[in-house]
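# Examination of the molecular architecture
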Amino acid sequence: MKQFTSVHDIGPLDQALQEAFEIKKNPLSQVDLGKHKTLLMIFFNSSLRTRLSTQKAALNLGMDVIVLDINQGAWKLETERGVVMDGDKPEHILEAIPVMGSYCDIIGVRAFAQLKNKEEDYYEVILNQFIQYSGKPVFSMEAATRHPLQSFADLITIEEYKKSAKPKVVLTWAPHPNALPQAVPNSFAEWMNATDWDFVITHPEGYELAPQFVGKAKVEYDIEKAYKGADFIYAKNWSAYQDPHYGKILSKDMNWTVDSRKMALTNNAFFMHCLPVRRNMIVTDNVIESPRSIVIQEAANRTVSAQVVLKRILEKI
Ligand code: AN0
Ligand code: CP
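Residues numbered from 1 in each chain as written. Chains lettered and ligands numbered in written order. Predicted model: local features only at pLDDT ≥ 70, side-chain atom pairs only at ≥ 80, totals over all residues. Heavy atoms only, no water.

### Considering the sheet that holds strand 11 (residues 232–236)
Applicable threshold: Strand pairing is defined by DSSP finding a minimum of two bridges between the two strands. Each helix is a run of DSSP H or I of at least 4 residues and each strand a run of E of at least 2, with the numbering of both proceeding from the N terminus. Contacts are assigned to residue pairs that have any heavy atoms within 4.5 Å of one another. Lines fitted to the C-alpha atoms define the axes, with helices restricted to the stretch that makes contact. Angles between their N-to-C directions range from 0 to 180 degrees.
Taking strand neighbours across the sheet as the criterion, the five strands line up as 10-9-8-11-12 in an open arrangement whose pairing is parallel. Strands with a single pairing partner mark the edges of an open sheet, and in this sheet they are strand 10 (218–219) and strand 12 (270–272). Against the sheet, helix 7 (residues 183–193) engages strand 8 (168–173), strand 9 (198–202) and strand 11, with an angle of about 160 degrees to strand 9.

### What to know about the environment of Ala210
Relative to the helices and strands, Ala210 is located in the loop between strand 9 and helix 8 (211–214). For Ala210 and Asp222, which are twelve residues apart along the polypeptide, the C-alpha to C-alpha distance reads 20 Å. The residues contacting Ala210, other than those within four sequence positions of it, are Tyr122 and Tyr241.

### Some remarks on the site of ligand 1
The following threshold applies: Throughout, the term near means that a residue has one or more heavy atoms lying within 4 Å of the molecule or strand in question. Polar contact is the term for a pair of N or O atoms within 3.5 Å; when the atoms are in protein, one must be able to donate a hydrogen and the other to accept it, and sequence-neighboring residues count only if both atoms are side-chain atoms. Classification used: nonpolar for Ala, Val, Leu, Ile, Met, Phe, Trp, Tyr, Cys and Pro, charged for Asp, Glu, Lys and Arg, polar for all others including Gly.
Neighbouring ligand 1 are Phe112, Glu142, His147, Leu180, Pro181, Lys236, Cys274 and Leu275. Between ligand 1 and the protein, one listed contact pairs an oxygen atom with a side-chain N or O atom of Glu142 at 2.6 Å. Within the side chain of Lys236, an N or O atom sits 2.7 Å from an oxygen atom of ligand 1. Grouping the constituent residues of the shell around ligand 1 by class yields five nonpolar, one polar and two charged.

### Examining the sheet that holds strand 3 (residues 64–69)
Here we have five strands laid out as an open sheet, ordered 1-7-6-2-3, and parallel in their pairing. The sheet terminates laterally at strand 1 (3–4) and strand 3, the two strands that pair on one side only. As defined by bridge partners, strand 6 (residues 106–110) adjoins strand 7 (residues 138–140) across three bridges and the pair is classed as parallel. Across the sheet, residue Ile107 finds its bridge partner in strand 7, namely Val138.

### Let's talk about helix 5 (residues 125–133)
Condition: Here's how the labels work: a residue is buried when its accessible area is under 20% of the maximum for its type, exposed when over 50%, partly exposed in between, all with a 1.4 Å probe on protein chains only. Think of it as the arc spanned by the lines of direction from the helix axis to the C-beta atoms.
Looking at helix 5, one finds that the buried residues are Ile126, Leu127, Gln129 and Phe130. For helix 5, the angular spread of buried residues about the axis comes to 160 degrees, placing them on one side. Contact partners of the buried residues in helix 5: strand 2 (38–43), helix 3 (93–101), strand 6 and strand 7.

### Notes on the pattern of salt bridges
Selection rule: Every case where a carboxyl oxygen of Asp or Glu lies within 4 Å of a side-chain nitrogen of Lys or Arg is listed as a salt bridge.
The full count for this structure, using the stated rule, is 15 salt bridges. Note that Arg279 and Glu289 form a salt bridge whose closest N and O atoms lie 2.6 Å from each other. Taken together, the residues Arg279 in the loop between strand 12 and helix 11 (285–289) and Glu289 in helix 11 connect sequence positions ten residues apart. Overall, the relative accessible area of 40% leaves Arg279 in the partly exposed class. Owing to a relative accessible area of 54%, Glu289 belongs among the exposed residues under this scheme. A single network of salt bridges, built from pairs that share partners, joins Glu19, Lys311, Arg312 and Glu315.

### Regarding the nonpolar core
We count it as follows: Among buried residues, those of type Ala, Val, Leu, Ile, Met, Phe, Trp, Tyr and Cys that are joined through side-chain atoms within 4.5 Å constitute a nonpolar core. The split of the chain into domains comes from an automatic or database domain assignment.
Formed by 74 residues in total, the largest nonpolar core has its most connected members in Phe139, Phe152 and Phe271. Counting residues per element, this core draws most heavily on helix 12 (residues 295–314), which supplies nine residues. Here this core gathers at least three residues from each of two domains, domain 1 (3–146 + 302–314) and domain 2 (150–299). Once you skip the residues sitting within four places of it in the chain, Phe271 turns out to touch Ile233, Ala235, Val258, Met263, Val283, Val287, Ile288, Arg292, Ser293, Ile294 and Val295. Of all hydrophobic cores here, the second largest spans 18 residues; its members include Ile42, Met100, Cys104 and Ile126.

### Description of the site of ligand 2
Neighbouring ligand 2 are Ser47, Leu48, Arg49, Thr50, Arg110, His147, Gln150, Cys274, Leu275 and Arg302. The side chain of His147 places a nitrogen or oxygen atom 2.8 Å from an oxygen atom of ligand 2. Residue Gln150 places a side-chain N or O atom 3.0 Å away from a nitrogen atom belonging to ligand 2. Taken together, the residues of the shell around ligand 2 break down into three nonpolar, four polar and three charged. Looking at which domains feed residues into the shell around ligand 2, each of domain 1 (3–146 + 302–314) and domain 2 (150–299) gives three or more.

These figures capture arrangement, not role.
Structure (structure tokens):
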């Protein structure tokens, strides 16, 4: 594997899942594969899980790891070409990227959507510049439009907990005080659409995701109908995608908070969220603390998805 930015880079899902379960059973079986190879992780945004789980995965493969938080200690980077750099940004990303590439063998990048310009976000300007100019294999640690390491971990988690061959998986929008990117729901939808599971997306009017991510999913505006018979409730907030409201908050309707009353409509569904989660906005204390909540197991699987991806990249360099 030369890069990992979406489900399209992973190949057949059954093969990826098989590798994931082998790694989960025996995480240190390839501890020499990454010897004397350096992973550089670049964060333009905060992280707890991605930072720790990806490092842990790299350590399991014997790699060395360097982490850089662009906004804490590095020079602020100009990202646009043609700008007269007389402002607060002393370095251009077009020098910074090949320099960073010269210090490592693999680069992971976290660069969220700015939510100001849809075309720029959906063109993945920052991620694509890393792919083009670093000279090294690049993987996404959540970019503007997708979070594939999260979605792969979600797939692994559902595979582990599902009771039937074709579970009903429901992605539900839920309220949040801030405007968040569409990367997590886009990516989750993309991975669910690559399975033959029964996949439903539910959200208030106006929160329709980009058609290329919705794909063959059923969009259900009636939240109770959506929950009915669900085997998995996957909650996430996102801001509006559709013009003219791109990146805006259209609703904070707490009827969309995942609560025990709505969970009772399901087929004793498991509750999932990528974390970090705002309690009593996205989900009530009762639901997230219930035995049907698998958010910790889901987060633990982030090490597994990262290790499959790093292993496959290492096998090709
Ligand atoms: C981010 C998001 O919604 O994309 C990261 C999730 C993994 N969440 C927040 O900023 C709260
Ligand atoms: N789920 C996830 O990616 O979490 P972090 O933002 O803490 O990395």
